[in-house]
Amino acid sequence: MYFAPLHEPGLAVIVTCATLALVLAFVAVLHPGAWTPLIWAAALVAAGVVLVSSRAHHVAAPVLGWRYFGPVEGRVVGLDRSATDRLRVTLDQVRLDRVPPAAVPHGVRISVPEDSLRIIPGARIMTTAHLSPPQGPVEPGGFDFRRHAWFQRLGAVGYTRAPVVIAALPDHDEPRLHVFAIRVAISKHIQDRLPGDVGGFAAAVTTGDRSGVGEEAIAALRASNLAHLLAISGLHMGLLAGFVYSSIRFGLSLIPSLALRLPVRKLAAIGALVVAAGYLALSGGNVATQRAFVMVAVMLGAVLVDRRALSLRSLSVAALVVLLLRPEALLGPGFQMSFAATVALVAVFGWVRDADIMLGPRWLQPVMGVVLSSAVAGLATAPFGAAHFNTVAHYGLMANLVSVPVMGTLVIPSAVLALVLTPVGLDWIGLELMGLGLRWILAVAHWVQDLDGAQGHVVSSGPAVLPLLALGGLWLVLWRGRLRLAGGGAMILALGLWAQAERPAILIADTAGLVGVMTDEGRALSKPRGAGFIADVWLENDGDGADQATAAARWPDSGGTRRLSTGTVEVIHVTGKRSAGELTTCLDNQIVVSAVPLTLDGSCLVFDADHLLSTGSVSLTRDGKLTGIAGEGRRLWSPPRSFQ
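To keep things clear, this report deals only with the structure shown in the data block. (Residues numbered from 1 in each chain as written. Predicted model: local features only at pLDDT ≥ 70, side-chain atom pairs only at ≥ 80, totals over all residues. Heavy atoms only, no water.)

### What to know about the overall build of the chain
For clarity, the cut-off: Secondary structure follows DSSP: runs of H or I at least 4 residues long count as helices, runs of E at least 2 residues long count as strands, and numbering of each begins at the N terminus. Our radius of gyration is a C-alpha quantity, and the globule rule it is checked against amounts to 2.2 Å times the number of residues to the power 0.38. Any pair of residues with heavy atoms lying within 4.5 Å of one another is described as a contacting pair. To measure how exposed things are, a 1.4 Å probe is used in the Shrake-Rupley method; for residues, cover is taken only from the protein chains shown. Only four residue types enter the charge count, namely Lys and Arg as positive and Asp and Glu as negative; His and the chain termini do not. Positions of charges follow a simple convention, taking NZ of Lys, CZ of Arg, CG of Asp or CD of Glu.
The helix and strand inventory of the chain stands at 21 helices and 17 strands. Relative to the 2.2 N^0.38 estimate, which gives 26 Å for 644 residues, the radius of gyration of the chain is 27 Å and therefore close to what a compact globule would have. Considering only contacts within the chain whose residues lie at least 6 apart along the sequence, 63% involve residues at least 24 apart. As presented, the chain carries roughly 32100 Å² of accessible surface, and 64% of it is formed by carbon and sulfur atoms. Here the chain contributes 50 positively and 44 negatively charged side chains, and the mean placements of these two sets differ by 10 Å.

Below you can see the structure in the form of structure tokens.
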């Protein structure tokens, strides 16, 4: 409700929501009844609007308002890789040439050459870079990177081809930078011991550093639905905490004098919680890992107070804590997929427990438990993954069945073994065992990727699909009685709306550098090269597995002036000053797009670079009617625009 409006909610709206939350909470406490949960839900939603608005204003920081080229200096606070496999460095305490301090972004992220000197965490570096403001949606209603960057306090992004120079060595006065340096050192040590993608994979699951995993390996993991094993999430945190908890409890139980006098379960829970906290710090503490730690901490806390660890109540507490800390996480695929999987697992296994259902003979129960958990988690997360990434891994269940047990029985225990053996210099034993498991997982990923039809593509869902699907699933799980079946109806309705989703007939990029027109063969793109990121996103949202060159071949015309008829209009894309000079007239039924200024006689619809700079990307119908403007909203993270 906070993120949906086109304009930033004013003070009156926030005060109204705060008052409504207090009144509804007051009513729910004084007049409990059958509908009390729904009253509390409404109160929490109203409070959530106030919370996320406060957070959005709290993280406010300057955003670069123009394209900048010149000297850049800053302190290294982050290292990662882009979707195109380029090394990126994140800087704070930024200094830019001829930019007033009040206008300098709080954070800047720059892609650097692979042959750059080894970046030292916490060091101040200097380079000459191209910077620009975070990009808005590449199509109306699409993902808004500006919003994502706003909550990360990232005010500019860019790249450099110049050498990177160390201006000052790190002082590590701040604990987070000291931990960052330790993370990088551990990651380098692991990759020195386990070279290639295996070492990068090992570093990813121990320190959260995915910069050592190649693009081909990541593509294979995505195609096989194993990419979740790269991110330190609930699976890794749960496996680690579970292994440590079981090891401590089993070890203390072997000593009768201790087992009879000490609360073994609670001591094991404390030990597991300490290790999980250390894992959180070591991994960099990103949103996904914070969410996983909160969930594990709530469950271990339940053990300490003699409550059931795995329950919907403990899960709801974890969700509330995460949303209190980072309410913007609600919109991310990590939050949605992890909680969807966990809610489904707790609900299904709770039903199996309460119904006293046996999962086969005793010797077969562990295997059936893995099969059931993988199937439930896969089904629960599939629609969210498809909606965010527009892909479906058809053999994902099979790949997870033969990979997740290896992660739990070999990789994570070996990582703990390597940590224990590090003081005596024998950590290589654990790392080699860890490498065996990771080599198996990568082999499975590449094998599944090579199967025919391993990966499917789906069209983007409408804005109402995921909220309706989530509400239906929660209603089905949380409500009691026959009325709970209404949740299933809501989920069916959401899937029906998804099946009827329609894509824009005509899309125009905000730079006027690319035009996409829907044809019977799929979307035709006006250029085979250039604006590759925009082209990839358009095709992904269409559910089209073609690349840009293939989509460009659907456009029948070529040259400096490209024409394509659709519906009752003709789309003309002009590239280059020469072609722009040759085009002097146009007709009423023509739409002209040009990256350079035009002087035309006629009443056609013209989109040039200056016009699109004020509107952002736009979408139109086959008849040339405007259906969407990416930049029409005015939020904290989007600059004001004027429309013509």
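Picking up where we left off.
### So, the sheet that holds strand S15 (residues 605-608)
For clarity, the threshold we go by: Strand pairing is assigned whenever DSSP detects at least two bridges linking the two strands. Axes, fitted as lines to C-alpha atoms, cover a helix only where it is in contact. Angles between the N-to-C directions of the axes lie from 0 to 180 degrees.
If you trace the four strands from one edge of the open sheet to the other, you get S12-S13-S14-S15, paired in mixed fashion. Of all strands in the sheet, those with a lone pairing partner are strand S12 (561-566) and S15, marking the two edges. For this sheet the average axis-to-axis angle between neighbouring strands, irrespective of direction, equals 15 degrees. Here strand S13 (residues 569-574) runs beside strand S14 (residues 590-594); their pairing, made up of five bridges, is parallel. If you follow His573 over to S14, its bridge partner there is Val593.

### So, the sheet that holds strand S16 (residues 618-620)
Sheet architecture is open: five strands sit in the order S11-S10-S9-S16-S17, paired in antiparallel fashion. Looking along the sheet, the strands with just one partner apiece sit at the ends: strand S11 (522-525) and strand S17 (626-629). On average, each strand axis in the sheet is inclined to that of its neighbour by 20 degrees, with strand direction left out of account. Two strands pair when backbone bridges link them, and strand S9 (residues 506-508) and strand S10 (residues 515-519) are joined in this way by three bridges, in the antiparallel orientation. Directly across from Ile508, in S10, lies its bridge partner Val515. Taken strand by strand, helix H18 (residues 532-542) contacts S9, S10 and S11, and its axis lies near 165 degrees from that of S11.

### Structural notes on the side chain of Thr566
Along the chain, the position of Thr566 falls in strand S12. Leave out the neighbours within four places in its chain, and Thr566 touches Ile506, Val517, Met518, Val571 and Arg622.

### Let's talk about the packing of aromatic side chains
Note the following rule: For Phe, Tyr and Trp, where Trp contributes only its six-membered ring, two rings pair if their centres lie within 6.5 Å, and the inter-plane angle classes them as stacked under 30 degrees, edge-to-face over 60, or tilted in between. Summary of the burial criterion: residues with accessible area below 20% of their type's maximum are buried, those above 50% are exposed, and those between are partly exposed, where the area comes from a 1.4 Å probe applied to protein chains only. Should the NZ of a Lys or the CZ of an Arg lie within 6 Å of a ring centre and within 35 degrees of the ring normal, that charge is described as sitting over the ring.
Applying the stated criterion across every chain, the model contains eight aromatic pairs. Judged by centre distance (5.1 Å) and plane angle (80 degrees), the ring pair of Tyr2 and Phe3 falls under edge-to-face. Taken individually, Tyr2 and Phe3 each receive the classification buried, so the pair is uniform in this respect. Here the aromatic rings of Trp35 and Trp479 are separated by 6.0 Å at their centres, their planes lie at 35 degrees, and the arrangement is tilted. Of this pair, Trp35 sits in the loop between helix H1 (11-30) and helix H2 (36-58) while Trp479 sits in the loop between helix H16 (465-478) and helix H17 (485-499), and the two are 444 residues apart along the sequence. Members of the aromatic cluster, joined through ring pairs, are Tyr2, Phe3, Phe151 and Trp637. It is Arg147 that lies over the ring of Phe3; its NZ or CZ is 5.6 Å from the centre.

### A short note on the state of the cysteines
As a reminder, the rule being used: Cysteine sulfur atoms are paired as a disulfide whenever they come within 2.5 Å of each other.
Evaluation of the coordinates by the stated rule reveals one disulfide. Between the sulfur atoms of Cys586 and its disulfide mate Cys604 the distance is 2.0 Å. Measuring the twist about the S-S bond at about -80 degrees, one finds the Cys586-Cys604 disulfide to be left-handed. Taken together, the residues Cys586 in the loop between helix H20 (577-582) and S14 and Cys604 in the loop between S14 and S15 connect sequence positions 18 residues apart. A single burial state applies to Cys586 and to Cys604, both of which are buried.

### A look at a nonpolar patch on the surface
Cut-off, in case you're wondering: Put simply, a patch holds well-exposed residues, over 30% relative accessible area, that have no salt bridge, with like charges counted together within 9 Å and Val, Leu, Ile, Met, Phe, Trp or Tyr side chains within 5 Å. Salt-bridge detection follows one rule: a side-chain nitrogen of Lys or Arg within 4 Å of a carboxyl oxygen of Asp or Glu.
A cluster of nonpolar side chains, Leu417, Val424, Leu426, Trp428, Ile429, Leu433 and Leu436, forms an exposed patch at the surface whose accessible area comes to about 570 Å². Ranked by residue count, the leading element in the nonpolar patch is helix H15 (residues 427-449), at four residues. Residue classification places Trp428 among the partly exposed positions, given a relative accessible area of 38%.

### A few points about the side chain of Asp427
This is how the line gets drawn: N or O atoms closer than or at 3.5 Å make up a polar contact, with two conditions inside protein: a donor-capable atom paired with an acceptor-capable one, and, for residues adjacent in sequence, both atoms drawn from side chains.
Relative to the helices and strands, Asp427 resides in helix H15. Polar side-chain contacts of Asp427 include one of 2.7 Å to the side chain of His189. Each residue touching Asp427, except ones within four places of it in the same chain, is listed here: His189, Ala418, Leu421 and Thr422.

### Here we look at helix H12 (residues 333-354)
Put simply, the test is: Helix span, expected: 1.5 Å multiplied by one less than the number of residues in the helix.
For H12, built from 22 residues, the straight-helix expectation of 32 Å at 1.5 Å per residue is met to within 8% by its first-to-last C-alpha distance of 31 Å. For H12, every residue scored as buried is listed here: Phe335, Gln336, Ser338, Phe339, Ala340, Ala341, Thr342, Val343, Ala344, Val346, Gly350 and Val352. Remark: Asp356 follows H12 within two positions and exhibits a positive phi of approximately 55 degrees.

### What to know about the pattern of salt bridges
Evaluation of the coordinates by the stated rule reveals 17 salt bridges. Two residues, Arg326 and Glu328, come together in a salt bridge whose shortest N-O distance is 3.9 Å. Accessibility expressed as a relative area gives 15% for Glu328, which makes it buried. Two residues, Asp354 and Arg353, come together in a salt bridge whose shortest N-O distance is 3.4 Å. Judged by relative accessible area, Asp354 falls into the exposed class, the value being 62%. What makes Arg353 partly exposed here is its relative accessible area of 43%. Several salt bridges share partner residues, and in doing so they unite Glu139, Arg503, Arg523 and Asp542 into one network.

### Concerning the pairing of strand S5 (residues 154-159)
When a strand is regular, its side chains alternate between the sheet's two faces. Counting buried positions along S5 yields five of six residues, so the element is predominantly enclosed. By the bridge criterion, five bridges tie strand S3 (residues 107-111) to S5 in an arrangement that is parallel. Bridging from a neighbouring strand, Val108 pairs with Ala156 of S5. Taken together, the three bridges between strand S4 (residues 124-132) and S5 define a ladder with antiparallel strand orientation. Across the sheet, His130 pairs through a bridge with Tyr159, a residue of S5.

### Looking at the environment of Ala535
With respect to the element layout, Ala535 can be found in helix H18. Placed 12 residues apart in sequence, Ala535 and Asp547 show a C-alpha to C-alpha distance of 8.3 Å. Apart from residues lying up to four places away in sequence, Ala535 is in contact with Leu514, Leu525 and Gln548.

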